[in-house]
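# Remarks on the overall topology
The primary structure of each chain is shown beneath.
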Amino acid sequence: MPNSITTEGEQLQIYTCDGRPNQAWTYTSSGQLIVTLGDTIRCLDSNNQGTTPGAKAVTWECTGQPNQQWSLRPDRTVVSLRSGLCLDVANSSTANSARNVMSPCDGRSSQQWALTS
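The paragraphs below set out a description of the structure included in this document. Here the residue numbering is sequential within each chain, running from 1 through the sequence in written order. Under the rules for a predicted model, residues below a pLDDT of 70 receive no local features and side-chain atom pairs below 80 are neither given nor counted, while totals for whole chains, interfaces and linings still include all residues. Each side-chain value is derived from all of the structure's non-hydrogen atoms; neither hydrogens nor water enter the calculation.

## Quick word on the sheet that holds strand S3 (residues 40-46)
Whether two strands pair depends on DSSP finding at least two bridges between them. Secondary structure elements follow DSSP: runs of H or I of four or more residues count as helices, runs of E of two or more count as strands, with numbering from the N terminus. Taken in spatial order, the 4 strands line up as S1-S2-S3-S4 in an open sheet, and their pairing is antiparallel. Because the sheet does not close on itself, it has two edges, and the strands there are strand S1 (25-27) and strand S4 (57-60). Neighbour-to-neighbour, the strand axes of this sheet turn through a mean angle of 35 degrees, independent of strand direction. Here 4 bridges tie strand S2 (residues 33-37) to S3, and the two strands are oriented antiparallel to one another. Helix axes are fitted only over the stretch in contact, all axes being lines through C-alpha atoms; the angle between N-to-C directions runs from 0 to 180 degrees.

## Notes on the state of the cysteines
One way to say it: the disulfide is the covalent bond shared by the sulfur atoms of two cysteines. What counts as a disulfide here is a pair of cysteine sulfur atoms lying within 2.5 Å. Scanning all chains against the criterion turns up 2 disulfides. Bridging Cys-43 to Cys-62, the disulfide has an S-S length of 2.1 Å. Classification of the bridge connecting Cys-43 and Cys-62 rests on its S-S torsion, roughly 110 degrees, and on that basis the disulfide is right-handed. With Cys-43 in strand S3 and Cys-62 in the loop between S4 and strand S5 (70-72), this pair connects stretches of sequence that are 19 residues apart. On the basis of relative accessible area, Cys-43 is assigned to the buried category, the value being 0%. Across a sulfur-sulfur distance of 2.1 Å, Cys-86 and Cys-105 are joined as a disulfide pair. The sign of the S-S torsion, about 110 degrees, decides the handedness of the disulfide formed by Cys-86 and Cys-105: right-handed. Linking Cys-86 in strand S7 (residues 86-89) with Cys-105 in the segment after strand S8 (100-103), this pair joins segments that are 19 residues apart in sequence. Remark: exposure states derive from per-residue accessible area (1.4 Å probe, protein chains only) relative to the maximum for the residue type, with buried under 20%, exposed over 50%, and partly exposed in between. Using a relative accessible area of 0% as the deciding quantity, one classes Cys-86 as buried.

Okay, here's the thing in structure tokens:
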């Protein structure tokens, strides 16, 4: 989450791993990816329930709606159960602050995520 901002609708972005809480996402038994910052919990969400390529990946209050349901696949992709699109980095950028979007799953490196426990 950019600068640990907890505002709903904040578009996610990548950044070098530094161990801060805004990078610590948890996959729940209900298929949600959540991040906790202080007393605030946010879910990974497809903006405006977007189902088309380019939809922004944002944080939102956890509602359990289909646009907040994800599958973690063995190939390290994160797939929206609603749209079938993968969590991706816009333009396959590797730069800090590059924005996350939803894209067709094609196995490129910008769609592969490292999950730690």
